[in-house]
Amino acid sequence: MALYNREMERFDPKVSDSLASFTSESGPINGVWTIDMGGVPLDFQVEDRGSPATVVFLSAALPAGPRRLPTFIGSGISEALPLNCIRISDPSLALSNSLGIAWYAGFDGVDLPAVLVEVIRHVQARLGAQHLPLFGASAGGFASLSLGQLLGPALSIAVNPQTVIERYAEEAWFAYMRDCWLFTIEGVVRVWSGAAGR
């Protein structure tokens, strides 16, 4: 499977060949991690600051132009805060050279929200953190709200969230459905109109 714009030379990731392998890890949790999801990498960064709270950072849409993945947000605003951090890059963005937004909603063959819930719960348990705020803006706000509902109890801090994906820019939504769910444009139109099929 072709992956785009992924530049891991900046990091020295710890690599797990599956979600099950990661959740059985018992070594140090700090650092950048990559979990192989059937050929698509889930990249995230963990910072253990010994806090009773762990904030999960979820990124907004990437700007147009050259992209560098993975994208970890929140290092600036969390620098002075005594909080553990989990920064998650949306793995779907590596599936296309032009995709800039995917809402952490997943892709064909992988229930990404369910995977993220397992990853976050495992890291939270390893850090011994009781409180779990999730922060995201725009597409990250959508993910903050949806993951917060799945994780519960969790505090979702959603800045200008997109709450209905298909109300976003049509071109971006079509591109997501095409590149991540293998829909044709006609299939997207059928789904949008309430009919089944790709």
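The coordinates are above.
Because the structure is predicted, anything quoted here is derived from the model rather than measured.

(A) Quick peek at unusual backbone geometry. Along the chain, Leu69 connects to Pro70 via a cis peptide bond; the corresponding omega equals 0°. By the element assignment, Pro70 lies in the loop between strand S4 (54-58) and helix H2 (75-78). Positive phi values are uncommon outside glycine, yet Ser138 reaches one of about 60°. Tracing the chain through its elements places Ser138 in the loop between strand S6 (133-137) and helix H4 (139-151). Positioned with a positive phi, Asn160 is a non-glycine residue whose angle comes to about 45°.

(B) Seen up close, the side chain of His122. Here His122 is to be found in helix H3 (residues 112-127). Exposure remark for His122: the relative accessible area of 12% places this residue in the buried category. Within polar-contact distance, the side chain of His122 engages the backbone oxygen of Phe22 at 3.4 Å. With residues up to four places along the chain from it excluded, the contact list for His122 reads Phe22, Thr23 and Glu25.

(C) Summary view of the packing of H3 against H4. Two elements in contact, H3 and H4, have axes separated by 10 Å at closest approach and are oriented at 65°. With respect to each other, H3 and H4 are oriented roughly perpendicular. Every pair of crossing elements has a handedness; the one defined by H3 and H4 is right-handed. Here Pro113, Leu116, Val117, Ile120 and Arg121 of H3 lie close against H4, whose contacting residues are Leu147, Leu150 and Leu151. Grouping the constituent residues of the contact of H3 with H4 by class yields seven nonpolar, no polar and one charged.

Definitions and limits used
- Residues numbered from 1 in each chain as written.
- Predicted model: local features only at pLDDT ≥ 70, side-chain atom pairs only at ≥ 80, totals over all residues.
- Heavy atoms only, no water.
- Helix = DSSP H or I, 4+ residues; strand = E, 2+ residues; numbered from the N terminus.
- Buried < 20%, exposed > 50% of the residue type's maximum accessible area, 1.4 Å probe, protein only.
- Polar contact = N/O pair within 3.5 Å; in protein donor to acceptor, adjacent residues only side chain to side chain.
- Contact = heavy atoms within 4.5 Å.
- Axes fitted to C-alpha atoms, helices over the stretch in contact; angles between N-to-C directions.
- Parallel < 35°, antiparallel > 145°, perpendicular 65-115°, else oblique.
- Left-handed = near helix turned anticlockwise from the far one by under 90°.
- Nonpolar A, V, L, I, M, F, W, Y, C, P; charged D, E, K, R; others polar.

These values are about where atoms sit, not about what they do.
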